[in-house]
Amino acid sequence: VNSPYIEFCFLYNCEIFFWLINLSNFNINSGTKKFLTLLSGGNAMNVFFAALAASDLTLLYSGLLRGWIWIVIGLDPGDHSDAVCRIYYWAMYMAGVLSPCLLVAMTVQRAASVVWPHRVRVMCTPMKSRVIVTSIVLFVCALHSHFLFGYGLVDSENGTSLECSHTSDKYR
């Protein structure tokens with residue numbers, strides 16, 4: 001019998017297995033080291049690469065680290081603090097959208113360097129890249145700021161504990 005439910009259970013068990021062998025810590029540590037080496041570069045693409053690495057690390061630290069803590073210790077940090085709950089959802093969705101936006105900006109810069117190869121040093125400077133990255137980050141952060149207000153600690157279904165969820169039924 002081949003059903004999506006059985007496939008989901010198999011994938012879920014594989015995920016738990018990988019968490020237990022500590023694969024997540026390897027990914028987080030190697031990503032952090034790569035990010036720190038990117039900060040030392042001085043060309044325009046390194047600005048994009050550093051921002052992309054920061055976005056991906058935000059995704060790793062907020063989402064995967066929370067899942068790892070939940071699987072290993074059995075504790076969900078989002079269910080104990082209202083601020084952590086709100087920041088978790090905001091950071092997850094913000095970083096998930098920020099990475100593709102940065103990749104599009106990098107692609108546009110590379111296309112400009114192919115179309116105008118002699119003007120690339122004037123058009124694509126590290127300062128212009130910083131302005132572009134900053135404007136993209138600010139836009140995406142503002143776009144997902146509703147998570148800071150729409151999520152929080154609410155009473156669970158049975159009313160005995162708090163859980164991190166949307167604050168009202170209208171927010172769904």
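Every chain is numbered on its own, with residues counted from 1 as its sequence reads. The predicted origin of the model limits local features to residues at a pLDDT of at least 70 and limits the giving and counting of side-chain atom pairs to 80 or more, whereas totals for whole chains, interfaces and linings rest on all residues. Hydrogens and waters are ignored; side-chain quantities use all the structure's heavy atoms.

1. Regarding the side chain of S55
Okay, so step 1: Strands here are runs of E lasting at least two residues and helices are runs of H or I lasting at least four, both read from the DSSP assignment and numbered beginning at the N terminus. Within the secondary structure layout, S55 lies in helix α3 (residues 44-73).
Okay, so step 2: Only heavy atoms enter the contact rule, under which two residues are in contact if any of them lie within 4.5 Å. Non-local contacts of S55, meaning those with residues more than four positions away in its chain, are made with A95, L98, S99 and L102.

2. Comments concerning helix α6 (residues 126-143)
Okay, so step 1: Here α6 contains 18 residues, and its C-alpha end-to-end distance of 25 Å stays within 8% of the 26 Å for a straight helix at 1.5 Å per residue.
Okay, so step 2: Every buried residue belonging to α6 is among S129, V133, I136, V140 and C141, and all of these are buried. Buried positions in α6, seen along its axis, are confined to an arc of 130° and lie on one side of it. Exposed positions of α6 whose direction lies more than 90 degrees from the buried face are M127, V131, L138 and F139.
Okay, so step 3: Considering only its buried residues, α6 is in contact with α3 and α4 (82-115). In this scheme, a helix's expected span is set at 1.5 Å multiplied by one less than its residue total. In this scheme, a residue with accessible area under 20% of its type's maximum is buried, one over 50% is exposed, and one in between is partly exposed, where area comes from a 1.4 Å probe on protein chains only. An arc is given here, and it is the one of the directions from the helix axis to the C-beta atoms.

3. Here's the deal with the nonpolar core
Okay, so step 1: Formed by 14 residues in total, the largest nonpolar core has its most connected members in F48, L98, L102, V133 and I136.
Okay, so step 2: Every element with two or more residues in this core is listed here: α3, α4 and α6.
Okay, so step 3: For F48, the residues in contact, after removing those within four places along its chain, are L102, A105, M106, Q109, S129, I132 and V133.
Okay, so step 4: The term nonpolar core refers to a set of buried residues drawn from Ala, Val, Leu, Ile, Met, Phe, Trp, Tyr and Cys, joined through side-chain atoms within 4.5 Å. The next biggest cluster of nonpolar side chains, apart from the first, holds six residues, and it includes C85, Y88, Y89 and F147.

4. Quick word on a nonpolar patch on the surface
Okay, so step 1: On the surface, a nonpolar cluster with roughly 260 Å² of combined accessible area is contributed by V72, I73 and L75.
Okay, so step 2: Tracing the backbone shows I73 in helix α3.
Okay, so step 3: Residue classification places I73 among the exposed positions, given a relative accessible area of 59%. Candidate patch residues must exceed 30% relative accessible area and have no salt bridge, after which like charges are joined if within 9 Å and Val, Leu, Ile, Met, Phe, Trp or Tyr side chains if within 5 Å. Reported accessibility uses the Shrake-Rupley method at a 1.4 Å probe radius. Residues are deemed covered only where the shown protein chains occlude them. Just to be clear on terms, a salt bridge is a Lys or Arg side-chain nitrogen sitting within 4 Å of an Asp or Glu carboxyl oxygen.

5. Re the packing of aromatic side chains
Okay, so step 1: In this analysis, rings of Phe, Tyr and Trp, with Trp reduced to its six-membered ring, are considered paired at centre separations within 6.5 Å, and the interplanar angle assigns stacked below 30 degrees, edge-to-face beyond 60, and tilted for intermediate values. Summed over all chains, the structure comprises four aromatic pairs.
Okay, so step 2: When the centroid spacing of 4.4 Å and the interplanar angle of 5° are considered together, the rings of Y93 and F147 count as stacked. Of this pair, Y93 sits in helix α4 while F147 is found in helix α7 (residues 146-150), placing the two residues 54 residues apart along the sequence.
Okay, so step 3: A relative accessible area of 8% means that F147 is categorised as buried.
Okay, so step 4: Ring pairing ties together the aromatic residues Y88, Y89, Y93, F147 and Y151, which thus form one cluster.

6. Concerning the environment of S99
Okay, so step 1: Tracing the backbone through its elements, the reader meets S99 in helix α4.
Okay, so step 2: For the pair formed by S99 and S55, sequence separation is 44 residues and the distance between their alpha carbons is 6.0 Å.
Okay, so step 3: In this view, S99 contacts L52, S55 and D56; residues no more than four positions away in its chain are not counted.
Okay, so step 4: Only 2.9 Å separates the side chain of S99 from the side chain of S55, close enough to count as a polar contact.
Okay, so step 5: What qualifies as a polar contact is a pair of N or O atoms within 3.5 Å, subject to a donor-acceptor requirement within protein and to the restriction that residues adjacent in sequence count only when both atoms come from side chains. Within the structure, S99 has its side chain in polar contact with the side chain of D56 (distance 2.7 Å).

7. Description of α3
Residue pairs three or four apart in sequence face the same way in an α-helix, which turns once every 3.6 residues.
Okay, so step 1: Its 30 residues place the ends of α3 42 Å apart at the C-alpha level, agreeing with the 44 Å of an ideal helix rising 1.5 Å per residue.
Okay, so step 2: Bend angle per residue: angle between axes fitted to the 7 residues ending at that residue and the 7 residues starting there. At L64, α3 shows its largest bend, some 30°.

8. Some details on the packing of α4 against α6
Okay, so step 1: Orientation of α4 relative to α6, taken along the N-to-C sense of each, is 150°, at an axis distance of 9 Å. α4 and α6 meet at a crossing whose hand is right-handed. Across the interface between the two elements, W90, M94, V97, L98, C101, L102, A105 and Q109 from α4 touch S129, I132, V133, I136, V137, V140 and C141 from α6.
Okay, so step 2: Charged residues are taken to be Asp, Glu, Lys and Arg, nonpolar residues to be Ala, Val, Leu, Ile, Met, Phe, Trp, Tyr, Cys and Pro, and polar residues to be all remaining types, Gly included. When the residues that make up the contact of α4 with α6 are grouped by side-chain class, the tally is 13 nonpolar, two polar and no charged. The axes used here are C-alpha line fits, helices contributing only the stretch in contact, and every angle between their N-to-C directions lies in the interval 0 to 180 degrees. What makes a crossing left-handed is the near helix being turned counterclockwise from the far one by less than a right angle; a clockwise turn instead makes it right-handed.

9. Focus: the confidence of the model for the protein
As a general rule, the predicted coordinates of low-pLDDT regions are not to be interpreted in detail.
Okay, so step 1: For the protein, the mean per-residue pLDDT works out to 77, and 75% of the residues sit at or above 70.
Okay, so step 2: pLDDT gives the predictor's per-residue confidence on a scale running from 0 to 100. Per-element averaging of pLDDT across the protein places helix α1 (residues 4-20) at the bottom with 53 and α6 at the top with 93.
Okay, so step 3: Confidence over residues 1-8 falls short of pLDDT 50; this stretch has one contact with residues more than four positions distant or in other chains.

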